[in-house]
Amino acid sequence: IETFDLLTPKFSGGLENYWGKNPFKLHSEYLGILPLLFALIALLRSWRKPQVKFFFSTFLVVLIMAWGGNTPFYRIPYHLLPGIAKFRGPGMIFFLAAFSLSVLAGYGINYLLTEPKEKKKTDGLRGLIFAGGVLLLLLLFALVGRDAVAGLVNPGRRLAEFEANYPRLTSGLLFAVAIWAVGYLIALWAVRGRISSILFGSTALVLMVLDIGISLNLWNESKGYIRSVPPPKEYFAQDDVVRFLSRDTSRYRVLPLNYARSDEGLLWLHGIQSTGGQIPNPLQSYQDFIGAGQSVMFQAGNLLNPNFMNLLNVKYVIAPTLPEDASRYDEQSRQFIAQLRAYFSQPWFEPAHVGPQYTVYRNKGFLPRAFITPFYEVVKDKDAVISRLMKPDFDPSRTALLYENPGFTVTGDTTAGTVELLSYDANCIRVRANLTAPGILVLGENWHPDWRVLVDGKPAPLLRAYHTLRAVALEPGNHEVTFNHKSGWFRLGLIITGAAIGLLVFVAALTMLLIRIRRIQPAGEVTQC
């Protein structure tokens, strides 16, 4: 349905009443009515130009690509062209269609202003009247056939948004017809030589500015597709949840089950580490661990299990404050409230802060960021890890699940040892460990092959624990363990960048030297052949 936004951005509803399929719709495909008019003029009067044919063909191909799986044509490049299957949102390619339309509009304006008067023909512009008539018919159909339009577009579950947006849809189409009529008039005057180039250009510019400004609501508080919010100091100010969590100065994480501000970075801005939120390219091992699978969204089904929650150092869980009386809610909401109440009534939870909107529960069984296990098990794959952690009788604080043998024999000593965090930053973490028997030091941070570990200053094998965490095998005694991030790709990028800067400096110096030599070199005699 976003294709119809070329005629009016109010067709699909915008921010408030969007009724399409894309939950992240924060933009409009609308370019203005006049660019469409001028692009049509280019097709009617400048079709013989290869540039016009090229950009029109590009527009059609890209438009079909932007439709994605809604047409069978997308399946051909999806299966044949490398990389296409990796696209998340094929509709994002529409910017090339918009660029092609803009270029075509330029050729249309070029025809109106530069072609000699005797070569211009008004006959070809009759197609503009036909196109405007089609636009007018759409408006009339929308005005008199509301139910028919609803059935045609079939918004389904978004019917309420569609009905709320309907007045804006019709007003947008009415405005488009008016702009099209005025644009046709000035184009006709330009063809007949009744208006100067300066007057035509300034009139078209004013019309396009008004068109975009009014259609996208750029001059009111909502700013069209940009949601108006308070200033950052006010918008990201501490709420009651952040104020409570900030009082705990220990190192821990939180699980935001239904905390709306977690995706906005409120917790991170105030130094509170969270297992939630969204990043564009999360580690697949972490997504597997929390139960998100191939999704890039935060879907933490596994974290509801205490073993997963404890391993990630989750000390607090943020959930909505439950009403005492749920009888005034619908059946689905009552079931959800009952499920939350039953879940947080488990013995390892206790309410730590109750606010008007959110309640913070303390998880009594959380594990520290770094701990030592006296036992280990070697498992073959992630499914074995997930299955083992799901068992209620398994204790991850006692047994590390590894993909390789750490190389020591378990002595049976159940005293795990102690761990102290010495320093902690993004690329280097230092801990001090004291063991009375061999054990596995587990660090509650994501494993990655670019991380290295030093034990008492000497390299040691970095183990992968519980599919996504870091670990290292330690002998009895006191040890200082350092986890460092050293990326070979980062070093390669530094080398390439340094070489490019060096080449640029060399070329600049050589150019300046040649210019100076040319200035001081005496002019030679000029001979004629």
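The structure we're discussing is the one just above.
In what follows, the accompanying structure is described. The shown structure was predicted, so the numbers you read here are calculated from the model rather than taken from an experiment.

**Structural notes on the overall build of the protein chain**
Within the protein chain one finds 16 helices and 16 strands. Looking at the protein chain residue by residue over its 529 residues, the buried ones come to 40%. Taking all contacts inside the protein chain whose residues are at least 6 apart in sequence as the whole, residues at least 24 apart take part in 67%. Of the roughly 30200 Å² of accessible surface on the protein chain, 61% is carried by carbon and sulfur atoms.

**Some remarks on the pairing of strand β12 (residues 451-455)**
A one-sided burial pattern is seen for β12, the buried positions being Trp451, Val453 and Val455 and the unburied ones Arg452 and Leu454. When β12 meets strand β16 (residues 477-485), the two strands line up antiparallel, connected through 5 bridges. Counterpart to tryptophan 451 in the pairing with β16 is histidine 485. Inspection of the sheet shows β12 paired to strand β13 (residues 458-460) by 3 bridges, in the antiparallel sense. Its bridge partner lying in β13, valine 455 is registered against lysine 458.

**With respect to the nonpolar core**
Counting residues in each nonpolar core, the largest one holds 41 residues, and the members touching the most others are Phe289, Leu389, Ile440 and Tyr466. Residue contributions to this core peak at 4 residues, all from helix α14 (residues 331-344). Once residues lying within four places of it in the same chain are set aside, the contact partners of tyrosine 466 are Phe289, Leu311, Phe371, Thr373, Val385, Leu389, Pro396, Thr399, Ala400, Leu401 and Val442. Among the nonpolar cores identified, the runner-up in size contains 35 residues, and Val103, Tyr111, Trp180 and Leu207 belong to it.

**Observations regarding the packing of helix α1 (residues 33-45) against helix α8 (residues 197-215)**
Across the interface, α1 lies against α8 with an axial gap of 8 Å and an inter-helix angle of 135°. The pairing of α1 with α8 is recorded here as oblique in orientation. Where α1 abuts α8, its residues Ile33, Leu34, Pro35 and Phe38 lie against Phe200, Ala204, Leu207, Met208 and Asp211. Tallied by class, residues from the contact of α1 with α8 come to 8 nonpolar, no polar and 1 charged.

**Describing helix α16 (residues 488-520)**
Taking 1.5 Å per residue as the helical rise, α16 with its 33 residues ought to reach 48 Å, and the 48 Å between its terminal C-alpha atoms agrees with that figure. You can read the cap of α16 off the contacts: a side-chain oxygen lies 3.3 Å from the backbone nitrogen of tryptophan 489, and it is on serine 487.

**So, the sheet that holds strand β3 (residues 314-320)**
Taken in spatial order, the 5 strands line up as β2-β1-β3-β5-β4 in an open sheet, and their pairing is mixed. Since the sheet does not close on itself, it has two edges, and those belong to β2 (273-274) and β4 (349-354), each with one partner. The pairing of strand β1 (residues 253-256) with β2 spans 2 bridges and is classified as parallel. Its bridge partner lying in β2, valine 254 is registered against serine 274.

**Here's the deal with the environment of aspartate 240**
Tracing the backbone shows aspartate 240 in helix α10 (residues 240-246). C-alpha of aspartate 240 to C-alpha of histidine 353: the two residues are 113 residues apart in sequence and 8.8 Å apart in space. Aspartate 240 has contacts with His353, Gly355, Pro356 and Tyr358, leaving out every residue within four places of it along the chain. Here histidine 353 takes part through its side chain, which lies 2.8 Å from a polar atom of the side chain of aspartate 240.

**Quick word on the sheet that holds strand β9 (residues 418-424)**
The strand order across the open sheet built from 5 strands is β9-β10-β16-β12-β13, with neighbouring strands paired in antiparallel fashion. Of all the strands in the sheet, just β9 and β13 have a single pairing partner and so form its edges. When the angles between neighbouring strand axes are averaged without regard to direction, this sheet yields 30°.

**Overview of α8**
Over its 19 residues, α8 runs 26 Å from end to end, which matches the ideal 27 Å to within 8%, given 1.5 Å per residue. Of all the positions in α8, only Phe200, Ala204, Leu207, Asp211, Gly213 and Ser215 are classed as buried. A positive phi of about 55° marks asparagine 217, the residue just after α8.

**As for the side chain of asparagine 302**
One can find asparagine 302 in the loop between α12 (284-290) and α13 (306-311). Classification of asparagine 302 as buried rests on a relative accessible area of 12%. Not counting the four nearest positions on each side in its chain, asparagine 302 is found in contact with Asp288, Phe289, Ile290, Gly291, Phe308, Ile386 and Met390.

Here is what the cut-offs are and how they apply
- Residues numbered from 1 in each chain as written.
- Predicted model: local features only at pLDDT ≥ 70, side-chain atom pairs only at ≥ 80, totals over all residues.
- Heavy atoms only, no water.
- Helix = DSSP H or I, 4+ residues; strand = E, 2+ residues; numbered from the N terminus.
- Buried < 20%, exposed > 50% of the residue type's maximum accessible area, 1.4 Å probe, protein only.
- Contact = heavy atoms within 4.5 Å.
- Areas by Shrake-Rupley, 256 points an atom, 1.4 Å probe, with all protein chains shown as cover.
- Pairing = 2+ DSSP bridges.
- Core = buried A, V, L, I, M, F, W, Y, C linked by side-chain atoms within 4.5 Å.
- Axes fitted to C-alpha atoms, helices over the stretch in contact; angles between N-to-C directions.
- Parallel < 35°, antiparallel > 145°, perpendicular 65-115°, else oblique.
- Nonpolar A, V, L, I, M, F, W, Y, C, P; charged D, E, K, R; others polar.
- Expected span 1.5 Å × (residues − 1).
- Polar contact = N/O pair within 3.5 Å; in protein donor to acceptor, adjacent residues only side chain to side chain.

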